[in-house]
Amino acid sequence: MNNIIGALIVSLAISGSVPADVSTDTEDNTAVAEVTETMEQTEAETAEEAQLTQEEILSNAENLNYDHDIASYTTNYSTSSSNYNRNFNMQLACDAINGEIIMPGEEFSYNETILAKRDPNNDYKSAGVISGGKLVNSIGGGICQVSSTLYNAALYSGMTITQRRNHSLKVSYLPAGRDATCSWGTIDFCFRNDLELPVKIEATMDNGTMKIRFLSPGDPGIGDIDIQVVNNNGTYTLYRYVDGVVDYTATSRYSG
């Protein structure tokens, strides 16, 4: 049974399960048997009711009220006119992932999501990207800031990271060891929702600040999450602690 969704239903049903006028005298075996049978029947019906309610909620995920803010992360960008193409690309990528709902057990692919929503009439432009340890111009420059911001928001939201790679060079918008690069058709950023509830991504850009939030229709109880990065002679190791215990690590090395 889903503890989060079913708890209220269980408590309400069980609270009225034993009639007030039923004797609980240990010598009255018939009364005891009736009480036991009533409680067992109520618990079975309650479990079935809670399960059906959970299935109904999950099947109606798009219409749920995602009012619980699990976690968020922000990065900054330049609003200079010289960065127009880069900011344009980032806005397209943010729009592509904004509102995406990831069901329990479902894996999210950044590449698949933004590629599926490409519009040939309003497509990504050429801007600066890091490739092979060099800064060059290429279609989609800037989308890695979105994937990197998403990576950090996913870390703090308790997502299970399934695919992530760092850039070949350090980036200016995040500390070393906390970036997540992507390249269409070759490098992806992916994570899986192993929580009991669906999660919804909210991605916005406003006046030089990009913010990505993970929302849910209730508190998923992810625990206390802390992120630390340790630099050992140019090797950056990220540790995610959940309630003081490491549950995820990632290593990054840069050529410059």
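These lines cover the structure that appears in this document, whether it is placed above or below. Every residue gets a number counted from 1 within its own chain, in the order that chain's sequence is written. Confidence filtering applies because this is a predicted model: local features only for residues at pLDDT of at least 70, side-chain atom pairs given and counted only at 80 or more, and all residues used for totals across whole chains, interfaces and linings. Excluded from the side-chain calculations are hydrogens and water; all other atoms, namely the structure's heavy atoms, are used.

Moving on to the sheet that holds strand β1 (residues 68-76). In space, the four strands of this open sheet follow the order β1-β9-β8-β2, with antiparallel pairing throughout. Of all the strands in the sheet, the pair left with one neighbour each is β1 and β2 (101-102). Any two strands with at least two DSSP-identified bridges between them are counted as paired. Think of it this way: any DSSP run of H or I at least four residues long counts as a helix, any run of E at least two long counts as a strand, and we number them from the N terminus. Where strand β8 (residues 199-206) meets strand β9 (residues 209-216), seven bridges bridge the pair, whose relative direction is antiparallel. The partner of K200 across the bridge, within β9, is L215. In what follows, residue pairs with any heavy atoms lying within 4.5 Å of each other are defined as contacts. Axis lines are fitted through C-alpha atoms, for helices just across the contact stretch, and the angle between N-to-C directions can take any value from 0 to 180 degrees. Running at roughly 155 degrees to β8, helix α3 (residues 84-97) makes contact with β8 and β9 of the sheet.

Further remarks concern the sheet that holds strand β10 (residues 225-232). Judged by pairing direction, the sheet is antiparallel, and its three strands sit side by side in the order β10-β11-β12 without closing on themselves. Sheet topology places β10 and β12 (245-253) at the edges, where each strand pairs with a single neighbour. Each strand axis lies, on average, 20 degrees off the axis of its neighbour in the sheet, ignoring direction. Examined bridge by bridge, strand β11 (residues 235-242) and β12 share eight bridges and lie antiparallel to one another. Note on β12: the bridge partner recorded for R240 is Y248.

Before going further, it helps to examine the state of the cysteines. Cysteine sulfur atoms that come within 2.5 Å of each other are treated as a disulfide pair. This model, assessed by the stated rule, comprises zero disulfides. No disulfide involves C144; its sulfur sits 3.7 Å from the nearest other cysteine sulfur, which is in C182.

Here is the rule: rings of Phe, Tyr and Trp (six-membered ring for Trp) pair when centre to centre is within 6.5 Å. Planes less than 30 degrees apart are stacked, more than 60 are edge-to-face, and the remainder are tilted. Evaluated as defined, the whole model comprises nine aromatic pairs. Arranged with centres 5.3 Å apart and planes meeting at 65 degrees, the rings of Y124 and W184 form a pair that is edge-to-face. Taken together, the residues Y124 in the loop between α4 (110-116) and β4 (126-131) and W184 in the loop between β6 (160-163) and β7 (190-192) connect sequence positions 60 residues apart. A simple rule labels every residue: compare its accessible area, found with a 1.4 Å probe on the protein chains alone, to the largest value its type can have, and call it buried under 20%, exposed over 50%, or partly exposed in between. By relative accessible area, which is 7% here, Y124 ends up buried. Take W184: its relative accessible area is 22%, and that puts it in the partly exposed class. Ring plane angle 45 degrees and centroid distance 5.8 Å describe the contact between F189 and F191, whose orientation is recorded as tilted. No difference in accessibility class separates F189 from F191, as the two residues are buried. One aromatic cluster is present, formed by F108, Y151, F189, F191 and F214 through successive ring pairs. Cation placement over rings: the criterion is NZ of Lys or CZ of Arg within 6 Å of the ring centroid and within 35° of the ring normal. Here R118 stacks its cationic end above the ring of W184, 4.4 Å away from the centre of that ring. The ring of F88 carries the charged tip of K125 above its face, separated from the ring centre by 4.5 Å.

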